[in-house]
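# Survey of secondary and tertiary structure
Spelled out, the chains give:
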Amino acid sequence: MENKKLKWPQGLKKTETRKAVISVLEKTEKPLSAADIFSEIKKNGSNVWLSTIYRILELFVKKGIVNKLSVMNSEMAVYELNQFKHKHYAVCVNCHKIIPVDNCPMEKFVPQIEDDDFRIMGHNLEIYGICKDCAHKSNKRS
Ligand SMILES: [Zn+2]
Ligand SMILES: [Zn+2]
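In this report, the structure presented in the accompanying data block is examined. In this text the structure is predicted, and so the values were computed from the model without any measurement. Sequence order as written defines residue numbering, which begins from 1 separately in each chain. Each chain is given a letter, starting from A, and each ligand a number, starting from 1, according to the order in which they appear as written. Reporting in this predicted model follows two pLDDT cut-offs: at least 70 for local features of residues, and 80 or more for side-chain atom pairs to be given and counted; totals over whole chains, interfaces and linings ignore these cut-offs and use all residues.

On to the sheet that holds strand E2 (residues 66-71). By way of backbone hydrogen bonds, the strands of a sheet pair with one another, either parallel or antiparallel. In short, DSSP must find at least two bridges between two strands for them to pair. Strands are runs of DSSP state E lasting at least two residues, helices are runs of H or I lasting at least four, and both sets are numbered from the N terminus onward. Across the sheet, which stays open at both edges, the 3 strands sit in the order E1-E3-E2 with antiparallel pairing between neighbours. Strand pairing shows two members of the sheet lacking a second neighbour, strand E1 (32-33) and E2, which therefore form its edges. By the bridge criterion, 2 bridges tie E1 to strand E3 (residues 76-81) in an arrangement that is antiparallel. For Ser33, the partnering residue across the bridge sits in E3 and is Val78. Note on contacts: each residue gets a C-beta atom placed from the backbone, and two residues are in contact if those atoms are within 7 Å. An axis is simply a line fitted to the C-alpha atoms; with a helix, the fit covers only the stretch in contact. Between two such axes, the angle follows the N-to-C directions and lies from 0 to 180 degrees. The strands that helix H1 (residues 16-27) touches are E1, E2 and E3; relative to E3, the one it contacts most, it runs at about 85°.

Given below as structure tokens:
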């Protein structure tokens, strides 16, 4: 497993809840939704509101320490630590499971943009399909 330790950004106050959100994200192998993070923190006995988690996540996104990935046409957003490493995920349309993709089809893609000075910072890609488990289930049914 990779060692995911976040360098806390300067000027960002360390609160218990903020630290808790980061530690959940440091431990996870896949991106989590705000609700996932919320229930993890709750499990540890903390008394927090889901709205607080959302606010913290938005702040972290703004600070550039967390990536927000929207999946399935933004119905659901998931969050991961910004490792400054490029990654895509495939989503199962049936169970919404998120599976990391090992390669990037856009790597050699040079976008043509009218604005010469436009500086590209990244891109998003939606990959969706049916996961192994769901394919298996529907095979059994038919
Ligand atoms: Zn599935
Ligand atoms: Zn890519």
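Right, picking up where we left off after that structure.
Turning our eyes to something else, we now look at the packing of H1 against helix H3 (residues 50-63). Contact geometry of H1 with H3 gives a least axis separation of 10 Å together with a crossing angle of 75°. With respect to H3, the element H1 is oriented roughly perpendicular. Packed against H1, whose contacting residues are Thr17, Arg18 and Val21, the element H3 presents Thr52, Ile53, Ile56 and Leu57 at the interface. Counted by class, the contact of H1 with H3 contains 4 nonpolar, 2 polar and 1 charged residues. For classification purposes, angles smaller than 35 degrees are called roughly parallel, those larger than 145 roughly antiparallel, those between 65 and 115 roughly perpendicular, and all remaining angles oblique. Side-chain classes are defined by residue name, with Ala, Val, Leu, Ile, Met, Phe, Trp, Tyr, Cys and Pro counting as nonpolar, Asp, Glu, Lys and Arg as charged, and the others, Gly among them, as polar.

So, on to the packing of helix H2 (residues 34-43) against H3. Here H2 crosses H3 at 120°, and the two axes come no closer than 9 Å. One element, H2, and the other, H3, form an angle in the oblique class. For the element pair H2 and H3, the recorded crossing hand is right-handed. Counted together, Ala34, Ala35, Ile37 and Phe38 of H2 and Leu50, Ile53, Tyr54 and Leu57 of H3 form the full contact between these two elements. Residue classes in the contact of H2 with H3 are distributed as 8 nonpolar, no polar and no charged. If you view the pair so one helix is near and one far, a crossing is left-handed when the near helix is turned anticlockwise from the far one by less than a right angle, and right-handed when it is turned clockwise.

Take it as geometry only, folks, not as evidence of what the structure does.
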